[in-house]
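Listed below, chain by chain, are the residues.
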Amino acid sequence: MTMQLVRADTDRHLKIAQIEEQLTDPVLLQSRVASRLRDELGGMTGVIRQEYDRIAQSRAETERTEYDYYALGHVEMLRGRGEAAGKIWQEGLARFPRSPLLHYKVVIYHLNQHASVEPAAKLWADAEKLPRRTRLDDWYRHWLSAWLHGYRNEHAAAVSEARAAIAMAPYDAVSHNALSWVMLEAGKTDEAIEWATFAATHDPNMYDRSYFRNLKDAYSSARKWPEAVALGEAQVVNDPVYAKWWYEFLDFAYSGAGQTERAHAAWKTALTLPEPPEP
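Residues numbered from 1 in each chain as written. Predicted model: local features only at pLDDT ≥ 70, side-chain atom pairs only at ≥ 80, totals over all residues. Heavy atoms only, no water.

### Let's talk about the overall build of the chain
Here's step 1: Assigned secondary structure in the chain consists of 14 helices and two strands.
Here's step 2: Computed over C-alpha atoms, the radius of gyration of the chain comes to 20 Å, within 12% of the 19 Å expected from 2.2 N^0.38 for 279 residues, which places it in the range of a compact globule.
Here's step 3: On the principal axes, the C-alpha backbone points of the chain span a range of 55 × 50 × 35 Å.
Here's step 4: Across the 279 residues of the chain, 47% fall into the buried class.
Here's step 5: Residue pairs in contact within the chain that sit at least 24 positions apart in sequence constitute 55% of those at least 6 positions apart.
Here's step 6: The positive charge centre, built from 33 side chains, and the negative charge centre, built from 39, are 2 Å apart in the chain. (Helix = DSSP H or I, 4+ residues; strand = E, 2+ residues; numbered from the N terminus. Rg over C-alpha atoms; globule rule 2.2 N^0.38 Å. Buried < 20%, exposed > 50% of the residue type's maximum accessible area, 1.4 Å probe, protein only. Contact = heavy atoms within 4.5 Å. Lys, Arg positive; Asp, Glu negative; His and termini not counted. Charge placed at Lys NZ, Arg CZ, Asp CG, Glu CD.)

### Description of the environment of Phe 96
Here's step 1: Tracing the chain through its elements places Phe 96 in the loop between α4 (82–95) and α5 (100–114).
Here's step 2: Separated by 27 residues in sequence, Phe 96 and Tyr 69 have C-alpha atoms that sit 9.7 Å apart.
Here's step 3: Setting aside residues up to four positions removed in sequence, Phe 96 forms contacts with Arg 64, Thr 65, Glu 66, Tyr 69 and Leu 102.

### Let's talk about the environment of Trp 139
Here's step 1: With respect to the helices, strands and loops of the structure, Trp 139 is situated in helix α7 (residues 135–151).
Here's step 2: Put simply, Trp 139 and His 114 are 25 residues apart on the chain and 22 Å apart in space, counted from C-alpha to C-alpha.
Here's step 3: In this structure the side chain of Trp 139 is engaged in a polar contact, spanning 3.0 Å, whose partner is the backbone oxygen of Ala 165. (Polar contact = N/O pair within 3.5 Å; in protein donor to acceptor, adjacent residues only side chain to side chain.)

### So, the side chain of Ser 210
Here's step 1: Tracing the backbone through its elements, the reader meets Ser 210 in helix α11 (residues 210–222).
Here's step 2: Judged by its relative accessible area of 16%, Ser 210 falls in the buried class.
Here's step 3: Within the local environment of Ser 210, its side chain forms a polar contact with the side chain of Asp 208, the two groups lying 2.7 Å apart.

### A word on the nonpolar core
Here's step 1: Counting 73 residues, the largest nonpolar core has Tyr 140, Trp 143, Leu 179 and Phe 249 as the members making the most contacts within it.
Here's step 2: Tallying contributions element by element places α5 first for this core, with eight residues.
Here's step 3: Ignoring any residue separated from it by four or fewer positions in sequence, one finds Leu 179 in contact with Trp 143, Ala 146, Trp 147, Ala 162, Ala 165, Ile 166 and Trp 195. (Core = buried A, V, L, I, M, F, W, Y, C linked by side-chain atoms within 4.5 Å.)

### Some thoughts on α11
Note: α-helices contain 3.6 residues per turn, so residues at a spacing of three or four share the same orientation.
Here's step 1: The end-to-end C-alpha separation of α11 is 19 Å, in line with the 18 Å expected for 13 residues at 1.5 Å each.
Here's step 2: Of all the positions in α11, only Ser 210, Tyr 211, Phe 212, Asn 214, Leu 215, Ala 218 and Tyr 219 are classed as buried.
Here's step 3: In this structure, the buried residues of α11 make contact with α9 (173–185), α10 (189–202), α12 (225–238) and α13 (243–256).
Here's step 4: The first or second residue beyond α11 is Arg 223, which carries a positive phi of 55°. (Expected span 1.5 Å × (residues − 1).)

### Regarding unusual backbone geometry
Backbone geometry follows two general trends: most residues other than glycine have a negative phi, and most peptide bonds adopt the trans configuration.
Here's step 1: The backbone of Asn 153 sits at a positive phi, close to 60°, despite the residue not being glycine.
Here's step 2: Along the chain, Asn 153 turns up in the loop between α7 and α8 (155–168).
Here's step 3: Phi at Arg 223 is positive, roughly 55°, even though this residue is not glycine.
Here's step 4: With respect to the helices, strands and loops of the structure, Arg 223 is situated in the loop between α11 and α12.
Here's step 5: Using a relative accessible area of 58% as the deciding quantity, one classes Arg 223 as exposed.

### What about the pattern of salt bridges?
Here's step 1: If you walk through the whole model with that rule in mind, you get 15 salt bridges.
Here's step 2: The salt bridge involving Asp 68 is made with Arg 59; its shortest N-O contact spans 2.6 Å.
Here's step 3: Of the residues examined, Arg 59 reaches a relative accessible area of 26% and is grouped as partly exposed.
Here's step 4: As a salt-bridge pair, Lys 224 and Asp 190 come within 2.8 Å of each other at their nearest N and O atoms. (Salt bridge = Lys/Arg side-chain N within 4 Å of Asp/Glu carboxyl O.)

### So, the packing of aromatic side chains
Pairs of aromatic rings are described using the distance from one ring centre to the other and the angle between the two planes.
Here's step 1: Counted under the stated rule, the structure contains 18 aromatic pairs.
Here's step 2: Seen from their ring centres, Tyr 104 and Trp 124 are 5.8 Å apart, and the 40° between their planes marks the pair as tilted. Taken together, the residues span a long stretch of sequence, with Tyr 104 in helix α5 and Trp 124 in helix α6 (residues 117–128) at a distance of 20 residues.
Here's step 3: An angle of 85° between the planes, with centres 6.2 Å apart, marks the rings of Trp 143 and Trp 147 as edge-to-face. (Phe/Tyr/Trp six-rings, centres within 6.5 Å; stacked < 30°, edge-to-face > 60°.)

### A look at the packing of helix α2 (residues 47–58) against helix α3 (residues 66–78)
Here's step 1: At a minimum axis separation of 9 Å, α2 and α3 run at an interaxial angle of 110°. Taken together, the axes of α2 and α3 are roughly perpendicular relative to one another. In terms of crossing hand, the pair formed by α2 and α3 is left-handed. Touching Arg 49, Tyr 52, Asp 53, Ala 56 and Gln 57 of α2 are Tyr 67, Asp 68, Tyr 70, Ala 71, Leu 72, His 74 and Val 75, all from α3. (Axes fitted to C-alpha atoms, helices over the stretch in contact; angles between N-to-C directions. Parallel < 35°, antiparallel > 145°, perpendicular 65-115°, else oblique. Left-handed = near helix turned anticlockwise from the far one by under 90°.)

Now the structure itself:
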């Protein structure tokens, strides 16, 4: 089964997903197709966002929209170029000073790149004075509120805001990963594991190993080594594109479980595998 998305104005065909396996259960087939569509189409790294990123990149700088600045900076951040992302968002905010969305993205720059709470909190306060115009604004408001409360060790409020953000985009892997640390810091290790696992197993376009940092922290805190081993062993089979990173995770899981020889073998296997292709 092959699924495609066609961009009507250019007739550009975008391959979304291809499923090639024995599926005799129609309910399982429906579930698998729906899950793949959700993961491949939606979220911050999905096909639709990638196509819009191309549109934003092709537009002249003088013609950029508020959303263009948001998207272009987001791509830079995902690729690990945080300073470049911050520069783009700040340029956008200078052009669109009443944009809550760009306020929120510069807040992310300060917190994610420099752990600078004071300038982030000031931008947050400025954004609170502006009318939010879209659901995206509301989503980021919950997300950033959770982060700020988390940095201040106000865990009850952080957990409440994090859950509100996830409820607004239950399919999005990036926010699950970004907010899993809020749950971990609040002592909600089961939810931290659940969110970090969802992120690492439902994003077909992972940009780097950051998902695995939060996943390792959550499992290490909970000391659920058998579960970590089971996850890693399943994913090296189920997710061959990112097998190198999953074998690295298996090395961590086996080490925590006291299985030293298996840990060494997993690490040696990881060294033989290529890095996943950049999305």
